[in-house]
Amino acid sequence: MSLRVAVVGGGIGGLCLAQGLRRSGVDVAVYERDSGPKMRRQGYRIHLDSRAARALHECLPPDVYELFRGTLGRPGAALSVIDERLKVLHRTEGTGLDPRAADPDSLSAPANRQTLREVLSTGLEDVIVYGRRLVEYHEADEPQGIRLRFDDGSSARADVVVGADGVGSAVRHQLLPHARVADTGARCVYGKTPLTGGIELPEPVREGFTAVIGGAAVGMSCALVRFPEPPERVAERVCPAARLSPVADYVMWAVTGPAAAFGVADDDLLGRDDAGLHRLAAAAVSGWHPQLRELVDRADVEETFLIRINTAEPTPAWPPGRVTVLGDAIHAMSPAGGSGANTALMDAAILRAALVRADRGEQPLAEAVGEYEHRMREYGYAAVAASDRNMGGLWARRHPVLARIAWLLGKRW
Ligand SMILES: Cc1cc2nc3c(=O)[nH]c(=O)nc-3n(C[C@H](O)[C@H](O)[C@H](O)COP(=O)(O)OP(=O)(O)OC[C@H]3O[C@@H](n4cnc5c(N)ncnc54)[C@H](O)[C@@H]3O)c2cc1C
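On a predicted model such as this, the values are computed, not experimentally measured, just so you know.

1. Notes on the sheet that holds strand β7 (residues 128–130)
- The strand order β7-β2-β1-β11-β17 describes an open sheet built from 5 strands, whose pairing is parallel. Lying at the two open borders of the sheet, with one neighbouring strand each, are β7 and β17 (323–325). Ignoring strand direction, the axes of neighbouring strands in this sheet form an average angle of 20°.
- Bridge analysis of strand β1 (residues 4–8) against strand β11 (residues 160–163) gives 4 bridges, and the strand direction is parallel. Within β11, the residue paired with valine 7 across the bridge is valine 162.
- Helix α1 (residues 12–23) rests against β1, β2 (27–32) and β11 of the sheet, and its axis sits at about 160° to β2.

Printed below as a string of structure tokens:
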């Protein structure tokens, strides 16, 4: 009998898994709490590498994969660490690889997160059910399978449930109530500045990912996102079925530090609206070089948002079964290191292959899921540890400036 797979969460990992299952003829439905494909504030630029490219190459139909590659931003020419007066402290040349020409193994380029979600949704219109926030699932005996209950009172049934529902995962809470996600205390105010009105960018920012070491208080990272061709035009050419929102070139910036570095208490920072956060970020860099200040001052204020940096603690192996988890739901990590999305996509490709084997009767379901979980825990928690190291880890207290350099350098470009 063919498997019915319910994916909870239509984010990066969940959509990639759904694409792959559908491509292999496995019955799949995605339940997403958002009311539509337009994303909540989760970040603008996301750096993807060969882990993501291989997974997407495996899971996406060829035209959607071409769309993915065609809508990537230009890779940076260099990575720089500068001080708040624009003095260059460190510079590394980029690879110069064009994401369009590169094969999956050498891909290294930024994507616009909203565009990526729209690309990954292409062709899944009849598979994604928006406005369904999972409250709980209930495992019954065969043949009823698992019952999923959503907050609007509706329910659904499936043979396999995949929690791809991010760091606050409802599926993980139920499956692995002992799994822990730690709050690192670091806070990031993220913003987006359009390249309009003759804004003058510092030279390192024009060249690529730039980390600014701003004295004792906060650090800032910024990266230019420039599209070789407007994504919506690429869609017309490569995959006319895709519906991509227009997006113009921009600079993403992130001002990072503990709440105290923004001059407020943590609760106050966490409760601020976009304008309040923007004011705090602007104040935190007010003594910096005018070009850096301008970058923050000229942001789209309503696009400013805050993230707290969480990191998963490794959960020991659990008995595999019909419910599993992927991505941030199980190995959430700080954005330092640029691995969260890349590993979520890896999970999706490996789990997809496992579920296809089970669907075809080539391997018992629990064994296939167990193999996926074993591999995922290894590279997933290794990536969490690497991201922690990039954030400075235990020596951050003693060497705050070095820790910040490490954090910022670790942010992949
Ligand atoms: C600002 C920022 C910058 C980042 N930069 C990078 C980078 O450069 N490179 C990189 O590799 N990673 C980066 N990351 C990390 C990356 O974004 C995440 O690791 C990645 O999105 C995880 O994918 P996911 O599918 O597991 O979860 P998500 O993409 O978070 O998707 C989870 C989905 O589940 C939905 N959901 C949640 N709860 C429920 C529920 N109960 N019922 C139904 N649906 C639910 C959510 O609405 C969401 O759509 C960054 C993260 C942030 C915040």
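Additional details are given in the paragraphs that follow.
2. Details of the sheet that holds strand β9 (residues 146–150)
- Strand order across the open sheet formed by 3 strands is β8-β9-β10, with antiparallel pairing between neighbours. Looking at which strands have only one partner, the edges of the open sheet turn out to be β8 (134–139) and β10 (155–158). In this sheet, adjacent strand axes meet at a mean angle of 20° when their direction is disregarded.
- As defined by bridge partners, β8 adjoins β9 across 5 bridges and the pair is classed as antiparallel. Looking at β9, one finds that tyrosine 137 is bridged to leucine 148.

3. A closer look at the pairing of strand β5 (residues 88–93)
- As defined by bridge partners, strand β4 (residues 78–83) adjoins β5 across 5 bridges and the pair is classed as antiparallel. Counterpart to leucine 79 in the pairing with β5 is threonine 92.
- The hairpin formed by β4 and β5 contains 4 residues between the paired strands, and leucine 86 there has a positive phi angle of roughly 80°.

4. A short note on the packing of helix α12 (residues 340–359) against helix α13 (residues 365–390)
- Packing of α12 against α13 brings their axes to within 8 Å, and their N-to-C directions diverge by 165°. Viewed along their axes, α12 and α13 adopt a mutual orientation that is roughly antiparallel. Judged by the twist between their axes, the crossing of α12 over α13 is right-handed. Where α12 approaches α13, its residues Thr343, Met346, Asp347, Ile350, Leu351, Ala354, Leu355, Arg357 and Ala358 are matched on the opposing element by Leu365, Ala368, Val369, Glu371, Tyr372, Arg375, Met376, Tyr379, Gly380 and Ala383.
- Residue composition of the contact of α12 with α13, grouped by class: 13 nonpolar, 2 polar and 4 charged.

5. As for helix α4 (residues 113–121)
- The buried count for α4 comes to 7 of 9 residues, which makes it a mostly enclosed element.
- Every buried residue of α4 is listed here: Thr115, Leu116, Arg117, Glu118, Val119, Leu120 and Ser121.
- On its buried face, α4 is in contact with α1, β3 (45–48), α3 (62–70), β6 (109–112), β7 and α7 (231–238).
- Positioned one or two residues after α4, glycine 123 has a phi angle of 85°, which is positive.

6. Focus on the environment of leucine 116
- The topology assignment puts leucine 116 in helix α4.
- Residues contacting leucine 116, with those up to four places away along its chain left out, are Ile12, Ile46 and Ala111.

7. Overview of unusual backbone geometry
- In this structure, leucine 86 is a non-glycine residue whose phi angle is positive, near 80°.
- Following the sequence through the fold, leucine 86 ends up in the loop between β4 and β5.

Parameters at a glance
Residue positions are given per chain, counting from 1 as you read along its sequence in written order. Local features in a predicted model are, by the rule used here, given only for residues with pLDDT of at least 70; side-chain atom pairs are given and counted only at 80 or more, and totals for whole chains, interfaces and linings are based on all residues. A pair of strands is considered paired only if DSSP assigns at least 2 bridges between the two. In this text, helices come from DSSP runs of H or I with a minimum length of four residues, and strands from runs of E with a minimum of two, each type numbered from the N-terminal end. Axes here refer to lines fitted to C-alpha atoms; in helices the fit is confined to the stretch in contact. Angles between the N-to-C directions go from 0 to 180 degrees. Residues are scored as being in contact if the C-beta atoms we place from backbone atoms lie within 7 Å. Oblique is the label for any angle not under 35 degrees, not over 145, and not in the 65 to 115 range, which are roughly parallel, roughly antiparallel and roughly perpendicular in turn. The sense of a crossing depends on the near helix, which, turned anticlockwise from the far helix by less than a right angle, makes the crossing left-handed and, turned clockwise, makes it right-handed. Basically, the charged four are Asp, Glu, Lys and Arg, the nonpolar ten are Ala, Val, Leu, Ile, Met, Phe, Trp, Tyr, Cys and Pro, and anything else, Gly included, counts as polar. Three exposure classes are used, based on other C-beta atoms lying within 10 Å of a residue's own C-beta, which is placed from the backbone: buried for 20 or more, exposed for 12 or fewer, and partly exposed in between.

Function cannot be inferred from these measures alone, as they are strictly geometric.
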